[in-house]
Amino acid sequence: MRQYKTLIIVLFFLSIFCFSKVNAMVKDYSLLGKTIYLDAGHGGRDSGAISNTFLEKDMNLLLVKKLEKALIEKGAMVFLTRDGDYDLASSTMNRKRNDLYNRVKLINNSNCDMYISMHLNASPSSKWNGIQLFYSNVVKENKIVAETITNTMKENMKNVRDVKKENGYYMYSKIKVPGVLVEAGFISNANDNYKIRQSDYQDILINNIVRGIENYFNKG
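Here's what I pulled together on the structure shown here. (Residues numbered from 1 in each chain as written. Predicted model: local features only at pLDDT ≥ 70, side-chain atom pairs only at ≥ 80, totals over all residues. Heavy atoms only, no water.)

Regarding the packing of helix 2 (residues 56–73) against helix 7 (residues 199–219)
Applied cut-off: Orientation is described by axes fitted as lines to C-alpha atoms, over the contacting stretch for helices, and by angles from 0 to 180 degrees between their N-to-C directions. Put simply, DSSP H or I for four residues or longer makes a helix, DSSP E for two residues or longer makes a strand, and each gets a number counted from the N terminus. Just so you know how the angles are binned, under 35 degrees is roughly parallel, over 145 roughly antiparallel, 65 to 115 roughly perpendicular, and the rest oblique. Crossing handedness: left-handed means the near helix sits turned counterclockwise from the far one by under a right angle, and right-handed means the same turn made clockwise. Any pair of residues with heavy atoms lying within 4.5 Å of one another is described as a contacting pair.
As a packed pair, helix 2 and helix 7 sit with axes 10 Å apart at the nearest point and diverge in direction by 55 degrees. As judged from the angle between their axes, helix 2 and helix 7 are oblique. As for how helix 2 packs across helix 7, the hand of that crossing is right-handed. Of the residues in helix 7, those in contact with M59, L62, L63, K66, L67, A70 and L71 of helix 2 are S199, Q202, D203, L205, I206, I209, V210 and I213.

Written out as structure tokens, the structure reads:
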């Protein structure tokens, strides 16, 4: 009888141990079933904003690849408009417009649930700073996406500006799925310029964008 009780106790603790191990291995696939298109602005001969040897196009791609990894870990299917240092122009005539047209075409034809376009801001005045999300009201959900991600970021980060409606950008006025333009800081501002190049800060930024995306989809 004593041996039987001992066996029961051993099995009980073994089951707790195994459950804990399995539970620890369960991942959070909160974005399972969602398809997200990520757009790293500029590329190739188009460097975007420049600060000495710091090129916007390179940081856009770095941030997009970090965001891609984080979203995949949440179960999302992720596509990139570019995964290297090139633009998407298929013609030398009106090269910039052709590049933007091809980005729009990729995103619209993907039937994705959301797009995120990553850029850095710049201004002739070095006083302007902060993260800001822009949206076009061509798709009514765009404002909700922008506000949800921005509000999430404001809870955990400083220097996050209010969302701004902008219908004048060719690319975003043509995209037919929900999404936003993320200006991740001002390359022309010394503080923003320094922070965005720090790996820890990049991770904080990306994690909060992911949380904002999760919050947006959870609202549905």
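So, the packing of aromatic side chains
Short version of the rule: Between 30 and 60 degrees the pair is tilted, below 30 it is stacked and above 60 it is edge-to-face, where a pair is any two Phe, Tyr or Trp rings, Trp via its six-membered ring, whose centres lie within 6.5 Å. Each residue is assigned to one of three classes by its accessible area relative to the maximum for its type, calculated with a 1.4 Å probe on protein chains only: buried under 20%, partly exposed between the two thresholds, exposed over 50%.
The full count for this structure, using the stated rule, is 5 aromatic pairs. Their ring planes at 80 degrees and their centres at 6.1 Å tell us that Y169 and Y172 sit as a pair that is edge-to-face. Relative accessible area serves as the criterion here: at 8%, Y172 is assigned to the buried category. When the centroid spacing of 5.1 Å and the interplanar angle of 65 degrees are considered together, the rings of Y216 and F217 count as edge-to-face.

Quick look at the sheet that holds strand 4 (residues 77–80)
Formally: For two strands to be treated as a pair, DSSP must find no fewer than two bridges joining them.
With mixed pairing, the 6 strands of this open sheet are ordered in space as 4-1-5-8-6-7. The sheet terminates laterally at strand 4 and strand 7 (164–165), the two strands that pair on one side only. Looking at chain direction, strand 6 (residues 132–135) and strand 7 are connected through 2 bridges and run parallel. Within strand 7, the residue paired with Y135 across the bridge is K165. Together, strand 1 (35–40), strand 4, strand 5 (114–121) and strand 8 (179–186) form the strand contacts of helix 2, whose direction differs from that of strand 5 by roughly 145 degrees. In the packing of helix 3 (residues 95–110) onto the sheet, contacts are made with strand 1 and strand 5, and the angle to strand 1 comes to roughly 175 degrees.

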